Amino acid sequence: MHIALLVFPDFLLLALGLALRHKMRFSAEFFSGVERLVYYILFPALLIRAVMAEPIDLATAANLMQAALALVAAGALMAWAALWLLRPDPLRFASTVQCAFRFNTYIGLALALSLGGQEGLSTMALIVGFSVPVVNLLAVYALARHAGGKLFGALMRNPLLVSTLLGLVLNLAGVQLPGPVDVFLNRLGAAGLALGIICVGASLSFHASHGAGKLVGWMLAVKLLAMPAAALLIGAMLGLTPIERQMLLLFAALPTASSAYVLAAGMGGDARLVSLVISLGTTASIITIPLWLQLTS
């Protein structure tokens, strides 16, 4: 399936959210309630199921795990460099820094299956399983650090971080979800994915970038250009197989997930600016992902 067709449903959901908020006059209070539902219930269900989707064998996937963690670390370092180079508003930086290394899991899994079949899907699931807890930890750290207070308490109370860590522990312990529970989490997660993107669209405002153009450009450049370049280098250095290199590159080139907006909204960040970065990155990824994947075809 063409990559544009895989990303297009997200644009329709963004447009629906924008129309509901500004054309059909759904109130800000309505979307605030939906955001809380997504943040505390629906997205945690999605993350637990995503991390537990495929068994993680640390012994046989050591190289891939190292590559995924090295890639996330590289993205985070490049993103944090904006703090010293651009000297942005602290709240805006804390909110958008996650956009440079978080990723849209569902687009990634869909493209992995189309490009690499079941082997590609399993490889992508491993990369996602290793990376989700780390990127959530980094994202929560940035916002909790800006807000002040006790960082450890903020981390341990964060539903997105707790759910990903729980999923990873259960996966490594060999626990499998019973059929009805898996279906239940799948339905909650599907609702969370759709509602999360609709909330992004409802909050979208191009005026949100006023005074933050350089910061937005930096985070988009790291996510869509610098991280894929780093993935090529890391894959070659660690001697990954061709399918592993392709999936690592795809993972690096994915746009930011709507969970970044959910987290920013839930932790008092600049959610409108995050929604803008997500929307621009998702749009640009229709062009950038095919270009990067040509290097491994």
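Everything numeric in this text was worked out from a predicted model, so none of it was measured. (Residues numbered from 1 in each chain as written. Predicted model: local features only at pLDDT ≥ 70, side-chain atom pairs only at ≥ 80, totals over all residues. Heavy atoms only, no water.)

Asks: Would you mind going over helix α2 (residues 28-51) with me for this structure?
Replies: Each turn of an α-helix holds 3.6 residues, which means side chains three or four residues apart point in the same direction. End to end, α2 covers 32 Å across 24 residues, agreeing with the expected 34 Å (1.5 Å per residue, within 8%). The sharpest bend along α2 comes to roughly 45 degrees, located at Val38. (Helix = DSSP H or I, 4+ residues; strand = E, 2+ residues; numbered from the N terminus. Expected span 1.5 Å × (residues − 1). Bend = angle between axes of the 7 residues up to and from the residue.)

Asks: Help me out: how do you make sense of a nonpolar patch on the surface in this one?
Replies: Taken together, the side chains of Leu37, Tyr40 and Ile41 present a nonpolar region at the surface, about 290 Å² in accessible area. Locating Ile41 in the fold gives a position in helix α2. (Patch = residues over 30% accessible without salt bridge, like charges linked within 9 Å, V, L, I, M, F, W, Y side chains within 5 Å. Areas by Shrake-Rupley, 256 points an atom, 1.4 Å probe, with all protein chains shown as cover. Salt bridge = Lys/Arg side-chain N within 4 Å of Asp/Glu carboxyl O.)

Asks: Could you clarify how one ought to interpret the side chain of Lys223 in this entry?
Replies: Here Lys223 shows up in helix α9 (residues 213-237). On the basis of relative accessible area, Lys223 is assigned to the buried category, the value being 3%. Engagement of the side chain of Lys223 in a polar contact is seen with the backbone oxygen of Leu254, the distance being 2.7 Å. Excluding its chain neighbours within four sequence positions, the residues that come into contact with Lys223 are Cys99, Ala100, Phe101, Arg102, Pro228, Phe251, Ala252, Ala253, Leu254 and Thr256. (Buried < 20%, exposed > 50% of the residue type's maximum accessible area, 1.4 Å probe, protein only. Polar contact = N/O pair within 3.5 Å; in protein donor to acceptor, adjacent residues only side chain to side chain. Contact = heavy atoms within 4.5 Å.)

Asks: How should the nonpolar core be read in this particular structure?
Replies: Generally speaking, nonpolar side chains in soluble globular proteins are found buried as a group. Counting residues in hydrophobic clusters, the biggest one holds 95 residues, and the most contacted among them are Leu71, Val97, Met219, Leu248 and Leu250. The element that contributes the greatest number of residues to this core is helix α5 (residues 105-147), accounting for 14 residues. Among all residues touching Leu250, those that are not within four sequence positions of it are Gly108, Leu111, Ala112, Leu115, Met124, Ile289 and Leu293. (Core = buried A, V, L, I, M, F, W, Y, C linked by side-chain atoms within 4.5 Å.)

Asks: I would appreciate a short explanation of the packing of aromatic side chains in the present structure.
Replies: How two aromatic rings sit relative to each other is given by the distance of their centres and the angle of their planes. According to the stated counting rule, one finds seven aromatic pairs in the structure shown. When the ring of Phe26 is compared with that of Phe30, the centres are 5.1 Å apart and the planes differ by 65 degrees; the resulting orientation is edge-to-face. Given the relative accessible area of 39%, Phe30 is considered partly exposed. Taking 6.0 Å as the distance between ring centres and 75 degrees as the angle between the ring planes, the aromatic pair formed by Trp80 and Phe93 counts as edge-to-face. Highlighted residues: Trp80 in helix α3 (residues 62-85) and Phe93 in helix α4 (residues 90-96), separated in sequence by 13 residues. For Trp80, a relative accessible area of 13% translates into the label buried. Here Phe93 falls in the buried class, since its relative accessible area comes to 4%. An aromatic cluster is present here, built from Trp80, Phe93, Phe101 and Tyr141 joined pairwise through their rings. (Phe/Tyr/Trp six-rings, centres within 6.5 Å; stacked < 30°, edge-to-face > 60°.)

Asks: Help me understand the environment of Gly189 in this model?
Replies: The topology assignment puts Gly189 in helix α8 (residues 179-203). Exposure remark for Gly189: the relative accessible area of 1% places this residue in the buried category. Measuring from C-alpha to C-alpha, the distance between Gly189 and Gly266 comes to 17 Å, with 77 residues separating the pair along the chain.

Asks: Is there a simple way to think about the packing of helix α11 (residues 259-266) against helix α12 (residues 271-293) in this case?
Replies: In a packed pair of helices, the relevant descriptors are the angle between the two axes and the axis-to-axis distance. Between α11 and α12, whose axes approach to 8 Å, the crossing angle comes to 175 degrees. When the interaxial angle is binned, α11 and α12 end up roughly antiparallel. Each of Ala260, Tyr261, Ala264 and Ala265 in α11 lies in contact with α12, whose residues at this interface are Ala271, Val274, Ser275 and Ile278. Class assignment of the residues belonging to the contact of α11 with α12 gives a composition of seven nonpolar, one polar and no charged. (Axes fitted to C-alpha atoms, helices over the stretch in contact; angles between N-to-C directions. Parallel < 35°, antiparallel > 145°, perpendicular 65-115°, else oblique. Nonpolar A, V, L, I, M, F, W, Y, C, P; charged D, E, K, R; others polar.)

Asks: Explain unusual backbone geometry here, please?
Replies: Trans is the prevailing form of peptide bonds, just as negative phi is the prevailing case for residues other than glycine. Phi at Arg25 takes a positive value of approximately 65 degrees, unusual for a residue other than glycine. As for its position among the elements, Arg25 is in the loop between α1 (3-22) and α2. Residues other than glycine seldom take positive phi values, yet Arg87 does so here, at roughly 50 degrees. Its place among the elements puts Arg87 in the loop between α3 and α4. Relative accessible area serves as the criterion here: at 67%, Arg87 is assigned to the exposed category.

Asks: Could you clarify how one ought to interpret the confidence of the model for the protein chain in this entry?
Replies: The predicted coordinates should not be examined in detail at positions where pLDDT is low. Mean pLDDT over the protein chain stands at 85; residues scoring 70 or higher make up 93%. Looking at the elements of the protein chain, mean pLDDT is at its lowest for helix α6 (residues 151-157), recorded as 70, and at its highest for α9, recorded as 95. (pLDDT = per-residue confidence, 0-100.)

Asks: What is the right way to read α9 from this model?
Replies: Between its first and last C-alpha, α9 extends 34 Å over 25 residues, near the 36 Å set by a 1.5 Å rise per residue. The largest bend along α9 measures about 40 degrees and falls at Val222.

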